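A closer look at the structure
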Amino acid sequence: MNKRLVLCTLLGLVFGVVCWGLISAKDPLVSTSTAFAVILGRTVMGFGLGISRLQLRWWLHALVLGVIFSLPLAAFFVEAPQMGIGIAFAIVVLGAVYALVIEMVATLVFKVGPGTRG
C-alpha cells in the first residue's frame, strides 16, 4: 500500500474532524449532513494530496490542492444563511493551512513527497 496515500488520507480525516469541531463551536446545532460534508471534504482533500503526482515544491503543491479541494466545501456554506461568506472564506484558508500541515508531515517528516511512492 502507498504510505503517502494512507498518511495523507488519515491526516485529512483528522483535519475534517477538527474543522467540524470549529464549525460546531460557531453553530452548536450543526446538522449531521453538514458534519458529514465537512469530514468527507477534508478526507478527500487528504486523499487528493496523497494521490497527486504534480511535480511542484511541497508547499506550493499543498496550497494549490488545498484551495482547489476546499472550494466545493466553501460553496456549500455560502448558501447557509446562518454561516455566510465569512465561514466560506475561513474554510478555504483553513484548507490551505491543513494541506500545508499534511504536506509538511508527509514530505519533511516521513520523506514521501508529491510524486513519490512510499
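Details of the structure are given in the entry above.
One structure accompanies this document, and this report is about it. What you see is a predicted model, and the numbers here were worked out from it, not measured in a lab. (Residues numbered from 1 in each chain as written. Predicted model: local features only at pLDDT ≥ 70, side-chain atom pairs only at ≥ 80, totals over all residues. Heavy atoms only, no water.)

1. Quick notes on unusual backbone geometry
As a reminder of what qualifies: Working definition: helices are DSSP H or I runs of at least four residues, strands are E runs of at least two. Numbering for both runs from the N terminus.
Of note in this structure, K111 is not a glycine but carries a positive phi near 60°. Along the chain, the position of K111 falls in the segment after α4 (84-109).

2. Considerations on the packing of aromatic side chains
Centre distance and the angle of the planes are the two values used to describe a pair of aromatic rings. Heads up, the rule is: Any two rings among Phe, Tyr and Trp, with Trp reduced to its six-membered ring, count as a pair given centres within 6.5 Å; such a pair is stacked if its planes are under 30 degrees apart, edge-to-face if over 60, and tilted if neither. Exposed residues in this analysis have more than 50% of their type's maximum accessible area, buried residues have under 20%, and partly exposed residues fall in between, with area computed by a 1.4 Å probe over protein chains only.
Summed over the entire model, instances satisfying the criterion amount to one aromatic pair. Pairing F15 with Y98 gives two aromatic rings, centres 4.7 Å apart and planes at 15°, and the pair type is stacked. Of this pair, F15 sits in helix α1 (residues 3-26) while Y98 sits in helix α4; the two residues are 83 residues apart in sequence, bridging distant segments of the chain. Note on accessibility: F15 and Y98 belong to one class, buried.

3. Remarks on the side chain of S70
Counted only if it meets this: Residue contacts are defined here by distance: any two heavy atoms, one from each residue, within 4.5 Å place the two residues in contact.
With respect to the helices and strands, the residue S70 is situated in helix α3 (residues 58-78). Residue class for S70 comes out buried when judged on its relative accessible area of 0%. Contact partners of S70, with chain neighbours within four places excluded, come to R42, M45, I91, V92 and G95.

4. Brief notes about the pattern of salt bridges
Threshold: In what follows, salt bridge is the name for a side-chain nitrogen of Lys or Arg lying within 4 Å of a carboxyl oxygen of Asp or Glu.
Per the stated rule, a full pass over the model turns up one salt bridge. Notably, a salt bridge pairs R4 with E103, separated by 2.5 Å at the nearest N-O pair. Residue R4 is located in helix α1, and its partner E103 is located in helix α4; the two are separated by 99 residues in the primary sequence. Comparing R4 with E103 shows no difference in burial state: the two are buried.

5. Brief notes about α3
For clarity, the cut-off: To estimate how far a helix should extend, the number of its residues minus one is multiplied by 1.5 Å. The bend reported for a residue corresponds to the angle between axes fitted to the seven residues ending at that residue and the seven starting there.
Across its 21 residues, α3 extends 30 Å between first and last C-alpha, which sits within 8% of the 30 Å expected from 1.5 Å per residue. Of all the bends found along α3, the most pronounced is centred on L71 and spans about 35°, while P72, a proline, follows it within four residues. Those residues of α3 lying buried are H61, A62, L65, G66, S70, L73, A74 and F77.

6. Remarks on the environment of G48
Tracing the sequence through the fold places G48 in helix α2 (residues 32-51). In this structure the C-alpha to C-alpha distance between G48 and L22, which are 26 residues apart in sequence, comes to 23 Å. When residues no more than four places from it in sequence are discounted, the contact partners of G48 are L65 and F69.

7. Quick notes on the environment of L5
Topologically, L5 is positioned in helix α1. As a C-alpha pair, L5 and S52 span 47 residues in sequence and 9.0 Å in three-dimensional space. Those residues within four positions of L5 in sequence are excluded, and the remaining contacts are F47, G50 and I51.

8. As for a nonpolar patch on the surface
What counts here: Like-charged residues are merged into a patch within 9 Å and nonpolar side chains (Val, Leu, Ile, Met, Phe, Trp, Tyr) within 5 Å, provided each residue has over 30% relative accessible area and no salt bridge. Only the protein chains shown count as cover for residues, and all accessible areas are computed by the Shrake-Rupley method using a 1.4 Å probe.
Together, L54, L56, W59, L60, L63, V64 and I68 make up an exposed nonpolar region whose accessible area comes to about 540 Å². Following the sequence through the fold, L54 ends up in the loop between α2 and α3.

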